[in-house]
Amino acid sequence: MKHETIETNVGWLIVLTLIVISIGGLVEIVPLYFIDDTIETVQVDGKDTIRPYTSLELRGRDIYQREGCYTCHSQMIRPFRDEDMRYGHYSLAAESQFDHPFQWGSKRTGPDLARVGKKYSNEWHVQHMMNPRDVVPQSIMPGYPWLMQSLHYKDVADRMRALKMVGVPYSETQAEFDANVERYGKDVADKLNINSAMDNLISQAQAGNYDGNKNDITEMDALVAYLQVLGTMVDFSKFDEGHFAEFR
Amino acid sequence: MSKDKTQQTVQTTGHAWDGDLQEFNNPLPSWWLWAFYATVIFAIVYWVLYPTWPVGNTYTKGVGNDITYTTTDGKEVTSHWNTRSLLLKDLADARAEQAKYVEQLKAASYSDIAKDEEKSAFAYSMAKVLFADNCAACHQAGGNGVIGPYPNLLDDAWLWGGTFEKIEETIRNGHVGNMPGFKGQLSAREIDNLAEYVLSLSGQGSDATKAQKGKPLFSSNCAVCHGQDAKGQILMGSANLTDSIWTIVNVPAAATPEAKRAAIVNLLKTGKSRQMPAWKDRLSDTEIKILTFYVHELGGGQ
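1. Focus: the packing of aromatic side chains
- In total, this model carries 21 aromatic pairs over all chains according to the counting rule given.
- Plain terms: the ring middles of Phe236(A) and Phe244(A) are 5.7 Å apart, the flat faces sit at 75° to each other, and that makes the pair edge-to-face.
- Of the residues examined, Phe236(A) reaches a relative accessible area of 19% and is grouped as buried.
- Residues Phe239(A) and Phe244(A) carry aromatic rings whose centres are separated by 5.0 Å and whose planes lie at 55° to one another, so their mutual orientation is tilted. The burial state of Phe239(A) is the same as that of Phe244(A); both residues are buried.
- By way of ring pairs, the aromatic residues Phe236(A), Phe239(A), Phe244(A) and Phe247(A) are connected into one cluster.
- Positioned over the ring face of Tyr153(A) is Lys154(A), at 5.7 Å from the centre of the ring.
- Here Lys289(B) stacks its cationic end above the ring of Tyr110(B), 5.7 Å away from the centre of that ring.

Printed below as a string of structure tokens:
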């Protein structure tokens, strides 16, 4: 085909441009699905330790997305010395395998949150969300006081079903539940059961009482539950220092 | 005139829009073309040296640039080039460079560090960064805390003890301080009298009769935790109520005797639980030691 034909025909130009550009993506992305080491195996005593979010944490993740926290916060610690010293162990691919969409990001107006779990108390998170300047006087992060409103969670089972469709191992049938028991152990499998999603959400919120208000399950409960689990699913002391480098 | 000139020197694509709008069809400048060929050659060299091509369920690992590093437990590991091993090498190199100081700090007792200028300068410079990254969000950049939620680390009052050992234990394992609420157990008047008694303990009382009525209530309800002398017990982090340093109730900010009492009444009714997180999983032993030294030196260490 002659150069001129392509340049003077918009239809051809679009189609061929798309093909040329997609080659870059295909060559870089597709093989990763076939390479065994892309997602690290993280097992302790034969059980996977990285699990999907519980129903409450999942609602927290939804709120994180709704509020656009990702516009200022990344969730991926790069394998560099300065990042390691500030945030902790570099993020594993396995740690975001159940995030749809992933929250990696590269825009850091605020610090990376990939390992913020358990770093602060629940009380701190609540104060910080209500008005960041109460705890960090020089903070430029906006306040989110409306998160103290009641959490809408009637549809949480549907939200889990949607994620199940893209491969997140929430269970609905007995066979799926048994597979989760095998993979994660009974305690975790119970939390991933769609049939008891609402009960699980309520009992986790009540036991955790993340927002310090026992009378109501709020969006704050969900968001803080989510923040407190970030980066805590891998106990790196159980693995050799070079273990996760072997996957690369 | 210009039109004539261009038509002589450059080719056009041959078509014209709006009568005279034409498109140049110049060959690429040769420097550009050669730069392009150079990138192609570079890519081929890169493919050989670095992990690149997928092959089935694995990939080519590259040749000739293996990375060798020493782990924290002294093992030598060699690996093909990858960013994770590169980081481990980077960390190992940094450890080796700092080893001189870090080993000294590890071996030294706290009082040795305090006496040795070089050691304490090193500990200080590292601690400042660690404190800013991990502690300042609660205890504030200067360590002065916030009356109410986060204790001041600069003063002489310690909930959990101000010796090196106690501070280290606090940082390593964290603590939960729990002051219960007495709303259901005591009447409003009893709580009011107790609050007046608490104020009188640090010489800030204004109503001796009320305080007198509060005293027996204190013995029966509060002394278990705060002690008969109300000086607090570091075993449970119960505050010393006889000094004029306040960690939860903001008495200094209250202007009138009534406001002071009201602030205490509020705490006695609702109670307060505060959590200092544990850092043993997040920070190394050396980092905890350095921070302990720093907090102790901030002021009032025992």
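So much for the structure itself; the text now carries on.
2. Side note on the confidence of the model for chain B
- Looking at chain B, pLDDT values average 91 and 97% of them are 70 or higher.
- Two numbers describe this predicted complex: its pTM, 0.91, and its ipTM, 0.88.

3. A word on the pairing of strand β2 (residues 21-24) of chain B
Residues and elements named next belong to chain B.
- Pairing analysis gives 3 bridges linking strand β1 (residues 12-17) to β2, with the strands arranged antiparallel. For Ala16, the partnering residue across the bridge sits in β2 and is Gln22.
- Remark: 3 residues form the turn of the hairpin made by β1 and β2, two consecutive strands paired antiparallel; Asp18 in that turn has positive phi of roughly 45°.

4. Details of the interface of chain B and chain A
- Listed by partner, the interface residues are 37 residues for chain B and 39 residues for chain A.
- Approximately 3,100 Å² of surface area, both sides summed, lies buried where chain B meets chain A, with 50% of it carried by carbon and sulfur atoms.
- The largest share of the area that chain B buries against chain A comes from Arg84(B), Leu87(B) and Arg282(B), three residues that together contribute 22% of it.
- Counting every contact that joins chain B to chain A gives 4 salt bridges.
- Linking Glu241(A) and Arg95(B) is a salt bridge whose minimum nitrogen-to-oxygen distance equals 3.7 Å.
- In this assembly, chain B and chain A are joined by 13 residue pairs in polar contact (both at pLDDT 80 or more).
- Broken down by secondary-structure element, the contributors of at least two residues to the side of chain B that touches chain A are β1, β4 (58-59), α3 (83-107), α5 (117-134), α6 (136-139) and β8 (272-276) of chain B.
- Tallying contributions element by element places α3(B) first for the side of chain B that touches chain A, with 9 residues.
- Partitioned by chemical class, the residues of the side of chain B that touches chain A number 13 nonpolar, 15 polar and 9 charged.

5. Focus: empty space enclosed by the protein
Residue and element names in this part refer to chain A.
- All chains considered together, the criterion is met by 1 cavity of 30 Å³ or more.
- What the largest cavity holds in volume is close to 30 Å³.
- Around the largest cavity sit Pro52, Tyr53, Leu58, Arg61, Phe98, Leu163, Val168 and Tyr170, which together line it.
- In terms of residue class, the lining of the largest cavity is made up of 7 nonpolar, no polar and 1 charged.

6. Considering the environment of Pro54(B)
- Counting through the fold element by element, Pro54(B) comes out in strand β3 (residues 54-55).
- Take Pro54(B): its relative accessible area is 31%, and that puts it in the partly exposed class.
- When the C-alpha positions of Pro54(B) and Ala38(B) are compared, they lie 24 Å apart, and in sequence the two are 16 residues distant.
- When neighbours within four sequence positions are excluded, Pro54(B) is seen to be in contact with Pro31(A), Ile35(A) and Tyr59(B).

7. Concerning the packing of α5(B) against helix α12 (residues 285-298) of chain B
Residues and elements named next belong to chain B.
- Viewed as axis vectors pointing N to C, α5 and α12 meet at an angle of 95°, and their least axial separation amounts to 9 Å. As the angle between them shows, α5 and α12 are arranged roughly perpendicular. Contacts between α5 and α12 involve Ser120, Ala123, Tyr124, Met126, Ala127, Lys128, Leu130 and Phe131 from the former and Glu287, Ile290, Leu291, Phe293, Tyr294, Val295 and Glu297 from the latter.
- When the residues that make up the contact of α5 with α12 are grouped by side-chain class, the tally is 11 nonpolar, 1 polar and 3 charged.

8. Examining the side chain of Asp211(A)
Residue and element names in this part refer to chain A.
- Residue placement: Asp211 occurs in the loop between α9 (197-208) and α10 (219-229).
- Of the side chains bearing the opposite charge, Lys214 lies closest to the buried Asp211, which forms no salt bridge; the N-O distance is 9.2 Å.
- A distance of 2.9 Å separates a polar side-chain atom of Asp211 from the backbone nitrogen of Asn213.
- Among all residues touching Asp211, those that are not within four sequence positions of it are Val126, Met148, Asp216, Thr218, Met220 and Asp221.

Thresholds, definitions, all that
Residues numbered from 1 in each chain as written. Chains lettered and ligands numbered in written order. Predicted model: local features only at pLDDT ≥ 70, side-chain atom pairs only at ≥ 80, totals over all residues. Heavy atoms only, no water. Phe/Tyr/Trp six-rings, centres within 6.5 Å; stacked < 30°, edge-to-face > 60°. Buried < 20%, exposed > 50% of the residue type's maximum accessible area, 1.4 Å probe, protein only. Lys NZ or Arg CZ within 6 Å of the ring centre and 35° of its normal. pLDDT = per-residue confidence, 0-100. Pairing = 2+ DSSP bridges. Helix = DSSP H or I, 4+ residues; strand = E, 2+ residues; numbered from the N terminus. Contact = heavy atoms within 4.5 Å. Buried area = accessible area lost by both parts, 1.4 Å probe. Salt bridge = Lys/Arg side-chain N within 4 Å of Asp/Glu carboxyl O. Polar contact = N/O pair within 3.5 Å; in protein donor to acceptor, adjacent residues only side chain to side chain. Nonpolar A, V, L, I, M, F, W, Y, C, P; charged D, E, K, R; others polar. 1 Å grid on protein atoms, 1.4 Å probe; cavity = no way out; pocket = protein on both sides within 12 Å on 5 of 7 lines; lining within 4 Å. Points joined across faces, edges and corners; volume = space filled by probe spheres on them. Axes fitted to C-alpha atoms, helices over the stretch in contact; angles between N-to-C directions. Parallel < 35°, antiparallel > 145°, perpendicular 65-115°, else oblique. Lys, Arg positive; Asp, Glu negative; His and termini not counted.

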